[in-house]
Amino acid sequence: MQTLAIIGSQWGDEGKGKITDLLGAKCDVVVRYQGGNNAGHTIVVDKKKIVLHIIPSGILHPHTTSIIAHGVVFDPDAFKAELADTQKAGINLSFNNLKISENCSVITSYHKLLDQQRESQGPERIGTTGKGIGPCYEDKVARKAIKIKDLFNKETLKSRLQKNLIEKETLFKHLYHSSFPSIEDETSRLFELGKMVRPFACDTFSFLSECISNNKKILFEGAQGVLLDIDYGSYPFVTSSNTSFGGIHTGAGLMGRPVDEVLGITKAYTTRVGEGPFPTELHSEIGKKIQKIGNEFGATTGRIRRCGWLDLPLLHYSIKASNLTSLALTKVDVLSGLSELKICHAYRYRGETIDCAWPGIDMNEVEPIYTDMTPFHDTFKNGVLSTELTSYIKMIEDSLQIPVSIIAYGPERSEIIFTGARNFFLK
Ligand code: IMP
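Quick notes on the rules
Position numbers for residues start from 1 in each chain and track the written sequence from start to end. Local features in a predicted model are, by the rule used here, given only for residues with pLDDT of at least 70; side-chain atom pairs are given and counted only at 80 or more, and totals for whole chains, interfaces and linings are based on all residues. In computing side-chain properties, one takes all heavy atoms of the structure into account and sets aside hydrogens as well as water. Labels follow the DSSP assignment, with helices taken as runs of H or I lasting at least four residues and strands as runs of E lasting at least two, numbered in each case from the N terminus. What the globule rule says is 2.2 Å times the number of residues to the power 0.38, and the radius of gyration is computed from C-alpha atoms. Any two residues whose heavy atoms approach within 4.5 Å at even a single point are treated as in contact. Method for areas: the Shrake-Rupley scheme with a 1.4 Å probe, in which residue coverage is limited to the protein chains shown. The charge count treats Lys and Arg as positive and Asp and Glu as negative. His and the chain ends do not count. A charged residue contributes its charge at one atom only: NZ of Lys, CZ of Arg, CG of Asp or CD of Glu. A cutoff of 4 Å decides nearness: a residue is near a molecule or strand if any of its heavy atoms lies inside that distance of it. We define a polar contact as two N or O atoms separated by no more than 3.5 Å, with the added condition that, inside protein, one atom must be a possible hydrogen donor and the other a possible acceptor, whereas residues neighbouring each other in sequence contribute only through side-chain atom pairs. Only protein chains enter the accessibility calculation, which uses a 1.4 Å probe; a residue whose area is less than 20% of its type maximum is buried, one above 50% is exposed, and one in between is partly exposed. Being paired, for any two strands, means DSSP has found at least two bridges between them. We define a salt bridge as a side-chain nitrogen of Lys or Arg found within 4 Å of a carboxyl oxygen belonging to Asp or Glu.

Undergrad: Could you give an account of the overall build of the protein chain, with specific residues and numbers?
TA: What the protein chain contains, in helices and strands, is 11 helices and 20 strands. Radius of gyration (C-alpha) of the protein chain: 22 Å, near the 22 Å computed for a compact globule of 427 residues. Counting only C-alpha atoms and orienting by the principal axes, one finds that the protein chain spans roughly 65 × 50 × 40 Å. Long-range pairs, those at least 24 residues apart, make up 75% of the contacts in the protein chain between residues at least 6 apart in sequence. For the protein chain, the accessible area works out to roughly 17,600 Å², and carbon and sulfur atoms hold 50% of it. With 49 positive and 49 negative side-chain charges, the protein chain shows a spacing of 4 Å between the two charge centroids.

Here it is as structure tokens:
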């Protein structure tokens, strides 16, 4: 195995950071290819919690080079804060272990303001992270984005910001009635931040191409999840990038190579932050219990995550939409000891029973059909799984026709079982 992609198979927050950190240890290169600091990857090492938003989770291994590729939207201010945090945690970042594409689109103050004004004034609340992700991607597609390389020349930066602000100025003044920084202030701010980014900036496409030619082991680290994908997700309640497998091709580049393994990170239950349909959402005490035990609060915004039972039709769809080849089942410990346990195996939809959440169905209209599972009470102390938990996992594998290759049962690196269904980077 030379290439591995780690993709969230639900609505994000599946525990990708821990798996990327673990498998990143076996890699030469870890690549972020989409999204921005809307992501929050929490990793616990020796009881110390490290939260990464924009810097790839591979950074915790000194021999691994991390890449922020051109598909990422990059907030230099957030990067500055993360740089300080990682340094405080004893991780030294230099061009040797972190390379940032000079073609990343830059999140400016205007993007963040626009995101926040839209969320507070409507007409439709998406429940975004407020980090300016959507407005920055809009500018990229409209060919008005500021690229990282624009930060290094003050005149170029000013002129690009001027073009970028023309339409937004009207919105700030006449629609949202909000103040906004002047071009001069924003140019100075970004130019200063650019000096800090410059030592890391390069053509990551060529670097990656060279790594592929030299048979380096590469891990593509997805952010968010398939159901938040701009094309495959539960639109319009999605993020603005391709969170699924396809994002690797546009956001980083594969240079004619396939991805050998696409690992779908799957929480043993389902969670969602922000607005939008959620068929298996629990509004009962058991939902609150899962939320409490699972500490289901956003790593980026601190918002409460909505919780529900595992949804197999949703996963069936993610597998198809993202070419998943095996699943890593995470946070299994959270379900241990519950008084009841259910899995949604199908939906009733407009008089029919369907087992896959295809695009085009209205997720607000589906009625989940559940299988009652026998609750399990595993402590995970001796590495042996109970027959009840084994049945839970078998139900997933049999219904989805895909192996569970990893079982994670706690935040620490050591709290994990590799089932042997896949030999990650052994070949
Ligand atoms: P945005 O990415 O900030 O524009 O937010 C769009 C939607 O994606 C909202 O529902 C967010 O809650 C959700 N979202 C964005 N990033 C994450 C994440 O890392 N985990 C879970 N949900 C996310």
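Undergrad: Now, about the site of the ligand: what can you tell me, with residues and values included?
TA: The ligand sits among 15 residues. The nearest are Asp13, Asn38, Thr129, Thr239 and Arg303. Within the side chain of Asp13, a nitrogen or oxygen atom sits 3.0 Å from a nitrogen atom of the ligand. For the ligand, an oxygen atom lies 2.6 Å from a polar atom in the side chain of Thr129. Coverage of the ligand by the protein amounts to 96% of the 470 Å² it exposes when considered alone.

Undergrad: Explain the pairing of strand S11 (residues 261-267) to me, using residue names and the numbers behind them.
TA: Taking burial as the measure, the 7 residues of S11 include 7 buried ones, the bulk of the element. Residue alternation in S11 divides its side chains into two sets, Glu261, Leu263, Ile265 and Lys267 and Val262, Gly264 and Thr266, and both sets are buried. The pairing of strand S1 (residues 3-8) with S11 spans 5 bridges and is parallel. Bridge pairing links Ile6 to Leu263 in S11. Pairing analysis gives 5 bridges linking S11 to strand S15 (residues 326-330), with the strands arranged parallel. Paired with Gly264 across the bridge in S15 is Leu327.

Undergrad: Now, about the pattern of salt bridges: what can you tell me, with residues and values included?
TA: All told, the structure shown has 25 salt bridges when counted by the stated rule. One salt bridge connects Arg125 with Glu119, and the closest N-O pair in it is separated by 3.7 Å. Take Arg125: its relative accessible area is 44%, and that puts it in the partly exposed class. Among the charged side chains, a salt-bridge network with shared partners connects Asp13, Lys267, Glu296, Arg305 and Lys331.

Undergrad: So what's going on with the side chain of Ser101? Which residues, and what values?
TA: Positionally, Ser101 belongs in strand S7 (residues 98-101). A distance of 2.9 Å separates the side chain of Ser101 from the backbone nitrogen of Asn103, its partner in a polar contact. In this view, Ser101 contacts Ile68, Ala69, His70, Ile148, Cys202 and Thr204; residues no more than four positions away in its chain are not counted.

Undergrad: I'd like to hear about the environment of Tyr269, residue by residue, with values.
TA: Looking at the secondary structure, you find Tyr269 in the loop between S11 and strand S12 (270-272). Spatially, the C-alpha atoms of Tyr269 and Gln121 are 33 Å apart, while their sequence positions differ by 148 residues. Tyr269 has contacts with Gln10, Ile290, Gly294, Glu296, Gly308, Trp309, Leu310, Lys331, Val334 and Leu335, leaving out every residue within four places of it along the chain. A polar contact of 2.5 Å, which involves the side chain of Tyr269, links it to the side chain of Glu296.

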